[in-house]
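Survey of secondary and tertiary structure
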Amino acid sequence: MEKANDKTLLLFDFDGTITDGDIAHTLLESTLNMEELQYVFADRTNYAKSMDKYCKLMKSKGKTMDDINPILESVKLNDGIEELFAYIKENKNKYYVILITGDDLYITTYYLKFKKFYDLFDYFIGIPATYDKNIDDKMVTIQFLPPHTCELCDKSLCKTNEFLKFLDKNPEFKNSKIFYVCDGWNDYCLSKNYLRDTDFILARNGFSFWKMMQKEEYNKNIKSKILYWNFAKEIIDFIKKNE
């Protein structure tokens, strides 16, 4: 049997990377009026706080996840993700796959289960959330991670901190090559503070991370090689050529 530390780590952001758009924003904009959106997003630097307010607001309206789940299901995948995930599944013996998202883990894992991709992932990093379908209110409860001091990330979650926790639990991966598939501003922290010159950042072309890399103040801090993609299936060739 192949040892786990022989595997390549494939890290996936969620919004804008797996999905074409932001799943939480789609959910909120589909269910709230402008006044309610302003209330929920009063602090745009704290995702968990916003989603906690949202879930409590929906509960006060008598809504359940049965009302919300169809909206999650409607979010589109990025072009080529199905081909990319099919390739990874066919070669799963070579890869250990991690979801690393600033979203809560209910909406992201629900979506992955709905799309039948959940079993592709070995580990999940995100905002903890609990859901008991057997209780009457059937609403997600958002949990809060311990505070962090990172000035690059949302107050809810620092991707570098959470990835280091993963490595503490799984030290056999400390020397593994990493391919980080991402697109946004909140992917900069891990790229700057952890990824090495043996790792690869596979960033979506034209999106926030790409825009940051056009500026010397940001790109000078990146040690890894960066490859840009327009369609997710292009990532297959990037991985094959650089394993």
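This one's a predicted model, so the numbers in the text were calculated from it and none came from an experiment. (Residues numbered from 1 in each chain as written. Predicted model: local features only at pLDDT ≥ 70, side-chain atom pairs only at ≥ 80, totals over all residues. Heavy atoms only, no water.)

1. Considerations on the sheet that holds strand S6 (residues 178-182)
If you walk across this open sheet you meet the 6 strands as S3-S2-S1-S6-S7-S8, and the pairing is parallel. Looking at strand neighbours, the two that pair on one side only are strand S3 (123-127) and strand S8 (225-229), the edges of this open sheet. Each strand axis lies, on average, 15° off the axis of its neighbour in the sheet, ignoring direction. In terms of strand pairing, S6 meets strand S7 (residues 200-204) through 4 bridges, oriented parallel. (Pairing = 2+ DSSP bridges. Helix = DSSP H or I, 4+ residues; strand = E, 2+ residues; numbered from the N terminus. Axes fitted to C-alpha atoms, helices over the stretch in contact; angles between N-to-C directions.)

2. Some points on the pattern of salt bridges
Throughout the structure, instances matching the rule amount to 11 salt bridges. Among the salt bridges present, the one from Lys56 reaches Asp52, with a minimum N-O distance of 3.2 Å. With Lys56 and Asp52 both in helix H3 (residues 47-60) and 4 residues apart, this pair spans about one turn of that helix. A residue is classified by how much of its surface remains accessible, and Lys56, at 54% relative accessible area, is exposed. Looking at Asp52, the relative accessible area reads 14%, which means it is buried. In this structure, Asp187 engages Lys159 in a salt bridge whose closest nitrogen and oxygen atoms are separated by 2.7 Å. Of this pair, Asp187 sits in the loop between S6 and helix H8 (188-193) while Lys159 sits in helix H7 (residues 159-169), and the two are 28 residues apart along the sequence. The structure contains a network of salt bridges with shared partners spanning Asp13, Lys159 and Asp187. (Salt bridge = Lys/Arg side-chain N within 4 Å of Asp/Glu carboxyl O. Buried < 20%, exposed > 50% of the residue type's maximum accessible area, 1.4 Å probe, protein only.)

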